[in-house]
Amino acid sequence: MFKYFEPNKIFSITSRAPKYVLTLFIIVLSIGLIESLIFSPEDYKQSHSVRIMYVHVPAAWITLGIFSSISILSLIGFIFKIQNFFLISKSLAPSGFIFNIIALVTGSIWGKPTWGTWWAWDARITSMLILALFYLLYLLAWRIYQDKERIYKVTTIITIFGIINIPIIKYSVDWWNTLHQPASINILSKSSIHSSMLIPLIIMTAAFALFSLLIFLMKYNTELIKIKNKGLDRI
Amino acid sequence: MIQDLLNMNGYGFYVWTAFIFTFFNFIILYAIIKIQFEKEKKKFILKFGALNSKQASFAKSQSINREILSNISNI
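Throughout, a residue's number is its position along its own chain's written sequence, starting from 1. Key to labels: chains lettered from A, ligands numbered from 1, both in the order written. Only residues with pLDDT of at least 70 are given local features in this predicted model, and only at 80 or more are side-chain atom pairs given and counted; all residues enter the totals for whole chains, interfaces and linings.

A. Local environment of the overall build of chain B. Each helix corresponds to a stretch of at least 4 residues labelled H or I by DSSP, and each strand to a stretch of at least 2 residues labelled E; elements are numbered beginning at the N terminus. Across its full length, chain B carries four helices and zero strands. In sequence order, the secondary structure elements of chain B are arranged as α-α-α-α. To get the radius of gyration, use the C-alpha atoms; to get the globule rule, take the number of residues to the power 0.38 and multiply by 2.2 Å. In terms of C-alpha radius of gyration, chain B reaches 23 Å, well past the compact-globule figure of 11 Å for 75 residues.

The structure is reproduced here in structure tokens:
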């Protein structure tokens, strides 16, 4: 099954996809921005500051999703010795890290009008900051080490420790008293958020997911060409 | 209407700062990755051009190199 993930098999797709993904991203983002900044209603408590949710929440969801994917791919790649899984993980990391920074900064901006402070060492915020540090360690490991086997080992260890933090982030609002409210959206039960706010949130999440896909494809193609450049030196 | 959109009941500064920060980061990340890609692409073209005919035909025998060469303008 893993042979389908070989770079030469998927490069023909990944090399052509970015321009279509970019077009789709611009379309979905434009609709999302109009919905979230103009058509969605203001909150009865938070007024217009609630609109920050449309960039903060999708960024947080996607950074968690990307780190989980990186961890799973690294672990499978390490067990079954699939180099391409490490390449995919490496290509996912930049957008995951940026979304983590966006979630932290926009959360801080949202905190000022809502809680009266830019920063609080509450469980959710602190665990998100720890996730950013894991992303940073992961990206640094790729830069510091030259030996492939060592990189694979170190990055897998980082992601194994990092993934322990993911359920802590998710359930921190239930386990501890935090400034954050409990989750308003639940896949298994009815969401407490009104559809007039849920729809723009879903559209913005789709736009952010398309952006991370675009960055992943571009980075993956870059990494493949980088490998092939080294290959040309050896001919 | 524009004034209301910018002001947002006094929350405009926070909302617009959050949105501008987000999209500024998007543009910076896109630009960095694009520059990295262009650099590697140029390097590949230069290296491939420097190969002699025997080396070039060997390089072309690898399907991924053919894919890179045929798709390089599309990426």
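B. Just the environment of Thr114(A), in detail. Residues and elements named next belong to chain A. Secondary-structure assignment places Thr114 in helix α4 (residues 83-115). In sequence terms Thr114 and Ile52 are 62 residues apart; their C-alpha atoms lie 11 Å from each other. Apart from residues lying up to four places away in sequence, Thr114 is in contact with Gln46 and Ser49. C-beta atoms are first placed from the backbone for all residues, and any pair lying within 7 Å is then listed as a contact.

C. Structural context of the interface of chain B and chain A. Listed by partner, the interface residues are 36 residues for chain B and 37 residues for chain A. Of the residues that constitute the side of chain B that touches chain A, the class distribution is 20 nonpolar, 10 polar and six charged. Ten residue types, Ala, Val, Leu, Ile, Met, Phe, Trp, Tyr, Cys and Pro, are classed as nonpolar, four, Asp, Glu, Lys and Arg, as charged, and the remainder, Gly among them, as polar.

D. Spotlight on unusual backbone geometry. In this model, Ser47(A) sits at a positive phi of 55°, which is unusual for a non-glycine residue. Partly exposed residues are those falling between the two cut-offs: more than 12 but fewer than 20 other C-beta atoms within 10 Å of their own, whereas 20 or more means buried and 12 or fewer means exposed, with C-beta atoms placed from the backbone. Look at Ser47(A) and you get partly exposed, because 15 C-beta atoms sit within 10 Å. Residue Met8(B) is not a glycine yet carries a positive backbone phi of 45°. For Met8(B), the location among the structural elements is in the loop between α1 (2-7) and α2 (12-49).

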